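# Observations on the model geometry
Given next are the chains, with one letter for each unit.
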Amino acid sequence: MLTFVTVILAAAVLVLLAIAMGWVLGWANRAFYVYVDPKILEIQDALPGANCGGCGYVGCNSYADALGTGADEDLTLCGPGGTSCVGAIAEILGIEVTEVWPYKAVVHCAAKLDERLLKMEYQGEPTCAAANLVAGFQGCIYGCMGLSDCVRVCDYDAIHIVDGVAVVDYEKCTGCKLCAAACPRNIITMVPFKRSEMFVVACSNDDFGKEVQSVCTVGCTGCMSCSRVSDMMVMDGNRPAINYDLYEDFTDFEPILEKCKRSSLIFVGIPTEGQVAAVADEEVPERIEADFQTTVDDTEWRG
Amino acid sequence: MSTATTSEATFARGIHPPEEKHLAEGMPIEILPTPASVMIPLLQHLGAPCEACVEAKQEVAIGDKVGEATSFISSPVHASIDGKTKKATVATLPNGRHVKVIPIKAAAEQSISGQDLFDDVFGGEWPRDGLDAYEPDAISKAALEAGVVGLGGAAFPSHVKLARNEETPIEYLLINGCECEPYLTADYRLMVEVPEAIITGTLLAKHATGAKEAIIGIENNKPKAIAALRKAAEGTGVEVRSLKTKYPQGAERQLTTAMIGREVPTLGLPLQVGAVVQNVGTVAAIARAVLRGKALTHRVITVTGAGIREPKNLLVPIGVSYQELIDYCGGMTEDAARVISGGPMMGFTVGHLSAPVTKGTSGITVLTHEDVKKSEETACIRCGRCVDACPLNLVPTKIALASRAGNAEVAETYYLQACVECGCCAYACPASIPLVQLVRIGKIMLSNK
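Quick notes on the rules
- Residues numbered from 1 in each chain as written.
- Chains lettered and ligands numbered in written order.
- Predicted model: local features only at pLDDT ≥ 70, side-chain atom pairs only at ≥ 80, totals over all residues.
- Heavy atoms only, no water.
- Helix = DSSP H or I, 4+ residues; strand = E, 2+ residues; numbered from the N terminus.
- Rg over C-alpha atoms; globule rule 2.2 N^0.38 Å.
- Buried < 20%, exposed > 50% of the residue type's maximum accessible area, 1.4 Å probe, protein only.
- Contact = heavy atoms within 4.5 Å.
- Areas by Shrake-Rupley, 256 points an atom, 1.4 Å probe, with all protein chains shown as cover.
- Core = buried A, V, L, I, M, F, W, Y, C linked by side-chain atoms within 4.5 Å.
- Pairing = 2+ DSSP bridges.
- Buried area = accessible area lost by both parts, 1.4 Å probe.
- Salt bridge = Lys/Arg side-chain N within 4 Å of Asp/Glu carboxyl O.
- Polar contact = N/O pair within 3.5 Å; in protein donor to acceptor, adjacent residues only side chain to side chain.
- Domains from an automatic or database assignment.
- Nonpolar A, V, L, I, M, F, W, Y, C, P; charged D, E, K, R; others polar.
- Axes fitted to C-alpha atoms, helices over the stretch in contact; angles between N-to-C directions.
- Parallel < 35°, antiparallel > 145°, perpendicular 65-115°, else oblique.
- Phe/Tyr/Trp six-rings, centres within 6.5 Å; stacked < 30°, edge-to-face > 60°.
- Lys NZ or Arg CZ within 6 Å of the ring centre and 35° of its normal.

### Things to note about the overall build of chain B
The helix and strand inventory of chain B stands at 17 helices and 18 strands. For chain B, whose C-alpha radius of gyration is 21 Å, the value lies close to the compact-globule estimate of 22 Å for 449 residues. The dimensions of chain B, computed from C-alpha atoms along their principal axes, are 65 × 50 × 45 Å. Across the 449 residues of chain B, 56% fall into the buried class. When contacts within chain B are restricted to residue pairs at least 6 apart in sequence, those whose partners lie at least 24 apart make up 73%. Taken as a whole, chain B presents about 18,200 Å² of accessible surface, with 52% of it coming from carbon and sulfur.

### Quick look at the nonpolar core
As a rule of thumb, soluble globular proteins bury nonpolar side chains together. One finds B:Phe122, B:Ile198, B:Ile216 and B:Leu315 to be the most contacted residues of the largest nonpolar core, which totals 56 residues. With eight residues, the single largest contributor to this core is helix α10 (residues 280-292) of chain B. Those residues in contact with B:Ile216 that sit more than four places away from it in its chain are B:Ile175, B:Ile198, B:Ile199, B:Thr202, B:Leu229, B:Val238, B:Glu239, B:Val240, B:Arg241 and B:Met259. Of all hydrophobic cores here, the second largest spans 43 residues; its members include A:Ala180, A:Cys183, A:Val191 and A:Met232.

### A look at the pairing of strand β3 (residues 165-168) of chain A
Residues and elements named next belong to chain A. Two elements, strand β2 (residues 159-162) and β3, share four bridges in a ladder whose sense is antiparallel. Paired with Ile 161 across the strands is Ala 166, a residue of β3. With antiparallel pairing between neighbouring strands as the criterion, β2 and β3 make up a hairpin whose turn holds two residues, including Asp 163 at a positive phi of roughly 55 degrees.

### Describing the interface of chain B and chain A
Facing 21 residues of chain B, the contacting portion of chain A comprises 19 residues. Taking both partners together, chain B and chain A bury about 1,600 Å²; carbon and sulfur atoms supply 56% of that area. Broken down residue by residue, the surface that chain B buries against chain A is led by B:His98, B:Gln437 and B:Ile441, which jointly contribute 27%. Scanning the region where chain B abuts chain A turns up one salt bridge. Salt-bridge contacts for A:Glu125 lead to B:Arg404; the nearest nitrogen and oxygen are separated by 2.5 Å. Here chain B and chain A share six residue pairs in polar contact (both at pLDDT 80 or more) between them.

### Here's the deal with the domain arrangement of chain A
Residues and elements named next belong to chain A. According to the domain assignment, chain A contains domain 1 (38-93) and domain 2 (103-278). Taking the mean C-alpha position of each, domain 1 and domain 2 sit 30 Å from one another. In this assembly, six residues from domain 1 lie in contact with seven residues from domain 2. A combined buried area of about 470 Å² lies between domain 1 and domain 2, and 52% of that area is made up of carbon and sulfur atoms. By the criterion of area lost to domain 2, the three top residues of domain 1 are Cys 52, Gly 54 and Pro 80, representing 68% of everything that side buries. Our count for the contact surface shared by domain 1 and domain 2 stands at zero salt bridges. Summed over the shared surface of domain 1 and domain 2, the result is zero residue pairs in polar contact (both at pLDDT 80 or more). Tallied by class, residues from the side of domain 1 that touches domain 2 come to four nonpolar, two polar and no charged.

### Looking at the packing of helix α2 (residues 38-46) of chain A against helix α4 (residues 82-93) of chain A
All names here are of chain A. For the pair α2 and α4, the least separation of the axes is 10 Å and the interaxial angle reads 170 degrees. In this view, α2 runs roughly antiparallel relative to α4, as classed from their interaxial angle. Side by side, α2 and α4 meet where Lys 39, Glu 42, Ile 43 and Ala 46 of the first sit next to Cys 85, Ala 88, Ile 89, Ile 92 and Leu 93 of the second. Tallied by class, the residues present in the contact of α2 with α4 amount to seven nonpolar, no polar and two charged.

### A look at the domain arrangement of chain B
Put simply, an interface is often sized by how much accessible area is lost when its parts join up. All names here are of chain B. Annotation of chain B at the domain level lists domain 1 (1-32 + 113-373), domain 2 (33-112) and domain 3 (385-448). Centre-to-centre, using C-alpha coordinates, domain 1 lies 23 Å away from domain 2. Listed as interface residues are 38 residues of domain 1 and, on the opposing side, 32 residues of domain 2. Across the domain 1/domain 2 interface, buried area totals approximately 2,600 Å², and carbon plus sulfur atoms make up 67% of it. On the domain 1 side of the contact with domain 2, Ser 113, Pro 356 and Lys 359 bury the most area, a combined 16% of that side's loss. Taken together, domain 1 and domain 2 are joined by one salt bridge. A salt bridge links Glu 145 to Lys 65, with the shortest nitrogen-to-oxygen separation between them at 3.2 Å. Between domain 1 and domain 2 we count 11 residue pairs in polar contact (both at pLDDT 80 or more) in total. Only α3 (114-121), α4 (136-145), α5 (158-162), α11 (322-328) and β17 (348-349) provide two or more residues apiece to the side of domain 1 that touches domain 2.

### A look at the sheet that holds strand β10 (residues 172-176) of chain B
All names here are of chain B. Pairing within the open sheet is parallel, and its four strands lie in the order β12-β11-β10-β13. The open sheet has two edge strands with one neighbour each: β12 (239-243) and β13 (275-279). The mean inter-strand angle of the sheet, taken between neighbouring strand axes irrespective of direction, is 25 degrees. As judged from the five bridges shared by strand β11 (residues 213-219) and β12, these two strands associate in the parallel manner. Within β12, the residue paired with Glu 219 across the bridge is Leu 243. Contacts from helix α7 (residues 195-209) reach β10, β11 and β13, with the element oriented near 140 degrees to β11. Strand contacts of helix α9 (residues 252-260): β10, β11, β12 and β13, with the helix running at about 115 degrees to β10, the strand carrying the most contacts.

### A word on the packing of aromatic side chains
Residues and elements named next belong to chain A. Taken as a whole and judged by the stated rule, the model has five aromatic pairs over all chains. Look at Trp 27 and Phe 32: their rings are 5.8 Å apart centre to centre, the planes differ by 75 degrees, and that puts the pair in the edge-to-face class. Relative to Phe 253, the ring of Phe 199 lies with its centre 4.8 Å away and its plane at 45 degrees, an arrangement referred to as tilted. Linking Phe 199 in strand β5 (residues 197-201) with Phe 253 in the loop between β7 (239-242) and α10 (254-259), this pair joins segments that are 54 residues apart in sequence. Its relative accessible area of 0% is what places Phe 199 among the buried residues. The buried category is assigned to Phe 253, whose relative accessible area is 7%. The ring of Phe 193 carries Lys 104 above its face, with NZ or CZ at 5.9 Å from the centroid.

### Looking at the side chain of A:Glu125
In this fold, A:Glu125 is placed in the loop between β1 (103-107) and α5 (128-131). Under the relative-accessibility criterion, A:Glu125 is labelled buried at 6%. A distance of 2.5 Å separates the side chain of A:Glu125 from the side chain of B:Arg404, its partner in a polar contact. Contacts of A:Glu125, omitting those with residues within four sequence positions, involve A:Ala130, B:Arg404, B:Pro434, B:Gln437, B:Leu438 and B:Ile441.

### Focus: the pairing of strand β16 (residues 336-341) of chain B
All names here are of chain B. The sheet contact formed by β16 and strand β18 (residues 363-368) spans five bridges and is antiparallel. Bridged to Ser 341 within β18 is Ile 364. As paired strands, β16 and β17 are joined by two bridges and run antiparallel to one another. By the bridge assignment, Ile 340 is partnered in β17 with Thr 349.

### Comments concerning helix α14 (residues 396-404) of chain B
Those residues of α14(B) not exposed but buried are B:Pro396, B:Thr397, B:Ile399, B:Ala400, B:Ala402 and B:Ser403. Of the residues trailing α14(B), B:Gly406 is marked for its positive phi of about 80 degrees.

The structure is reproduced here in structure tokens:
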């Protein structure tokens with residue numbers, strides 16, 4: 001009987017305590033209420049919440065504040081959010097937006113390991129920033145070093161080193177610019193993806209023809225042939241750049257590609273369904289899986 | 001001041017790596033035969049690059065200016081052989097700079113070569129009286145015109161250091177004859193063979209800077225150099241002091257502490273404690289520039305290391321390729337593994353041997369596989385050996401690990417910027433952590449902010 005009373009008492013005390021505290025919290029909520037512009041809250045919901053910092057603010061909420069208060073008028077800073085995010089924010093703020101292109105990362109180097117001159121065995125810190133301080137790391141002083149600085153900063157697993165050169169996975173790339181900031185050679189730029197596949201200059205070597213040929217078998221020699229056949233190609237120093245303002249209706253890539261003797265001009269991005277279908281019948285090389293078991297016995301025991 | 005007066009004066013901490021000077025120490029300076037072509041880089045010094053002042057296919061004579069200094073901290077460059085210029089191109093120097101170079105193809109007839117060249121550069125009379133007749137400004141101006149830069153390695157334009165400073169008067173002119181870098185013997189040979197030129201240059205620099213005292217500091221592993229300079233300095237008031245053999249004795253902060261017992265403030269210059277430091281090779285070049293009006297076209301270089309067949313000390317024209325010097329020294333041995341511009345502590349690995357020698361190149365060291373064998377990097381156990389070795393009283397491990405973590409701010413609070421990258425910490429580290437490289441990355445991160 002006594003235990004029953006004790007249980008009831010304890011339960012009653014707890015219930016009363018809960019009611020009292022609930023009342024205090026409810027009172028505090030009203031007494032200390034801070035007005036937040038509902039627009040800002042809506043923008044916060046519209047942003048992806050990745051907090052990548054690509055917009056230049058410390059996180060999504062700070063960018064939302066800046067947009068809501070009018071401190072920043074540029075709606076297009078969010079790479080991960082893409083076009084849909086811009087549209088949503090524009091609706092919340094009641095602004096009309098013209099078409100916005102998703103910007104994605106493009107690596108301006110496509111020289112695989114066997115296509116470039118490698119100079120010496122590198123023994124230092126295995127990062128691009130460190131290797132970039134060493135003159136003889138590889139022949140080309142402009143191109144990708146393949147030591148993964150960009151891979152490490154990518155939050156979306158969208159860039160990888162393949163055959164010694166950084167390759168972007170356009171299914172995943174959100175255009176947050178972190179890789180571009182991490183690259184010590186500044187060979188990653190953000191390109192407006194006006195189509196799913198984009199035509200890019202995959203070389204950043206600014207030297208003269210002979211020097212480029214001595215260090216790389218695919219790099220651009222600055223022959224200017226492509227710039228002669230098309231207005232879209234403009235020379236920037238010793239290498240061409242693409243004028244993406246003219247890109248919208250442009251389809252005449254054949255003559256440009258024909259002129260380029262060095263395979264510096266390539267398409268990157270997500271192939272269209274037609275292209276996938278075109279190669280669907282081709283034979284896929286058989287893939288041999290690695291067998292890690294066989295080497296176990298050879299390794300030294302380090303205990 | 002009490003420490004400075006003992007004969008074995010030195011600084012705190014530092015290391016003592018194997019000297020390896022025996023390889024080239026006994027080889028008298030040889031004169032390299034005029035190469036078929038040279039490449040004159042337009043940036044050979046610390047500061048702004050030069051602007052080319054010659055056209056392609058222009059006849060130039062030895063000593064003609066080919067690049068004009070563009071700002072106060074800059075230095076002109078000169079043709080080092082007689083010949084014809086070619087179209088300017090680019091070359092990557094061992095320090096990683098990608099610079100414009102002017103190639104010069106040698107003429108069949110050279111106006112000066114062989115022993116005549118040596119006599120012109122270092123031989124003949126070096127007067128020591130009547131030097132006060134030169135205006136201090138004229139000395140600094142002659143050094144600028146001749147393109148004299150610090151020949152110890154950093155290649156800081158000398159005319160800047162020769163100018164009088166009204167705010168902080170210079171009391172001491174310290175001449176660095178330490179050559180603390182292992183393997184290198186170029187300065188040593190210069191001190192043994194032409195001490196008179198060094199003394200004359202010292203007196204000129206002393207007069208230009210208005211220093212009250214001039215002291216030459218030499219490590220005590222070079223008794224012949226000390227004896228030769230003491231003999232040459234007799235009656236001139238220049239003191240020659242023997243210092244303890246320790247790396248980096250020749251670094252300007254450490255030398256100032258060792259010689260006059262004054263500590264250079266962190267991130268400051270020796271000038272702030274009333275001292276200015278010049279290398280022995282630099283003062284010899286100043287003497288040549290002032291008394292003979294000759295530009296800095298040649299320098300002494302040590303080609304050494306276990307990977308070189310015949311180690312030598314050579315008088316070479318600036319702009320000659322590494323390959324040519326190595327070939328002249330009998331080429332590389334079979335087990336040669338790495339070519340370094342400079343010595344093993346401060347030097348840069350040379351990526352391609354076609355690179356030209358610059359004013360700051362003090363030597364070429366070729367190491368063997370045995371020398372460059374790298375042990376596996378292990379974790380830092382906070383043993384503190386890098387702290388014991390750091391001549392600047394820094395905590396290298398903290399700086400390096402902050403830099404590796406990408407946190408330049410933390411590295412800066414540990415005085416990242418004060419590091420002179422002497423390499424003592426990395427040498428002492430039992431875990432083989434590339435401390436200096438990490439420090440350099442940290443500095444770049446900070447400058448990119």
